[in-house]
Amino acid sequence: MVMQIKHLVSVILHIKRANYQTMVWNKALEPCPSLPKPQDSGCQYYSEGLLKQKLMTREKVLAACLQLAYCGCSREGGCCVNRRCTCVQLSLCCSKACKCGDGCRNDRNTAAEANEA
């Protein structure tokens, strides 16, 4: 039931955007059409001032859940350097739960250590 509710929210936002677009097209021949704010119709402004579609009303993944991620990279050379590493994919530092240990070459770890110093 929870998955259905998540999809329902996305469908409602899509219907709002389609309805807004149809309204814009219907008023295309008016010299100065009065239109409602696009934010009320399933869109949002981002920091760059761009108007983009709002696909969900909640965050994709809670920040606390991301901190639970860990990688299973082996300690052999070249661990945590490519996108096969879970921590690299999620743009996280490797944690003590990771299997890479001291052989970790995750760029985020070195940046975090430099900030602490």
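A quick note: this is a predicted structure, and the numbers were derived from the prediction, not measured.

This paragraph deals with the overall build of the protein. Of the regular secondary structure elements, the protein holds four helices and two strands. Reading the protein from its N terminus to its C terminus gives the helix and strand order α-β-β-α-α-α. Looking at the 117 residues of the protein, the share that counts as buried comes to 18%. Intrachain contacts of the protein at a sequence separation of at least 6 include 40% that bridge at least 24 residues. Total accessible area on the protein stands at roughly 9500 Å², and carbon and sulfur atoms take up 56% of it.

The next thing to look at is the nonpolar core. Cys 71, Cys 73, Cys 79, Cys 80, Cys 85, Cys 87, Cys 94, Cys 98, Cys 100 and Cys 104 form the largest nonpolar core, which has ten residues in total. Dropping the residues within four chain positions of it, Cys 87 is found in contact with Tyr 70, Cys 71, Leu 92, Cys 93, Cys 94, Cys 98 and Asn 106.

We now examine the side chain of Ser 41. Checked against the element boundaries, Ser 41 lands in the loop between helix H1 (2-26) and strand S1 (43-45). The contact partners of Ser 41, leaving out residues within four places of it in the chain, are Leu 13, Lys 16, Arg 17 and Tyr 20.

With respect to the helices and strands, Arg 17 occurs in helix H1. For the buried Arg 17, no salt bridge exists, and the shortest N-O distance to an oppositely charged side chain is 13 Å, to Asp 40. Apart from the residues within four sequence positions on either side, Arg 17 is in contact with Ser 41, Gly 42, Cys 43, Gln 53, Lys 54 and Leu 55.

Within the secondary structure, Ser 95 is located in the loop between helix H3 (86-89) and helix H4 (107-116). For the pair formed by Ser 95 and Leu 68, sequence separation is 27 residues and the distance between their alpha carbons is 9.2 Å.

Per the stated rule, a full pass over the model turns up zero disulfides. In this model Cys 85 remains outside any disulfide bridge; the closest cysteine sulfur is found in Cys 73, 3.7 Å from its own. Cys 98 takes part in no disulfide bond, and the closest cysteine sulfur, belonging to Cys 87, lies 3.6 Å away.

Time to look at the environment of Tyr 46. Of note, Tyr 46 is situated in the loop between S1 and strand S2 (51-53). Judged by relative accessible area, which is 35%, Tyr 46 ranks as partly exposed. Setting aside its immediate chain neighbours within four residues, Tyr 46 contacts Lys 52 and Gln 53.

To continue, consider the confidence of the model for the protein. This prediction gives the protein a mean pLDDT of 77; 75% of its residues lie at or above 70. Summarising per-element confidence for the protein, the mean pLDDT is lowest in helix H2 (residues 63-66) (60) and highest in S1 (84).

What counts and what doesn't
Residues numbered from 1 in each chain as written. Predicted model: local features only at pLDDT ≥ 70, side-chain atom pairs only at ≥ 80, totals over all residues. Heavy atoms only, no water. Helix = DSSP H or I, 4+ residues; strand = E, 2+ residues; numbered from the N terminus. Buried < 20%, exposed > 50% of the residue type's maximum accessible area, 1.4 Å probe, protein only. Contact = heavy atoms within 4.5 Å. Areas by Shrake-Rupley, 256 points an atom, 1.4 Å probe, with all protein chains shown as cover. Core = buried A, V, L, I, M, F, W, Y, C linked by side-chain atoms within 4.5 Å. Lys, Arg positive; Asp, Glu negative; His and termini not counted. Salt bridge = Lys/Arg side-chain N within 4 Å of Asp/Glu carboxyl O. Disulfide = S-S within 2.5 Å. pLDDT = per-residue confidence, 0-100.

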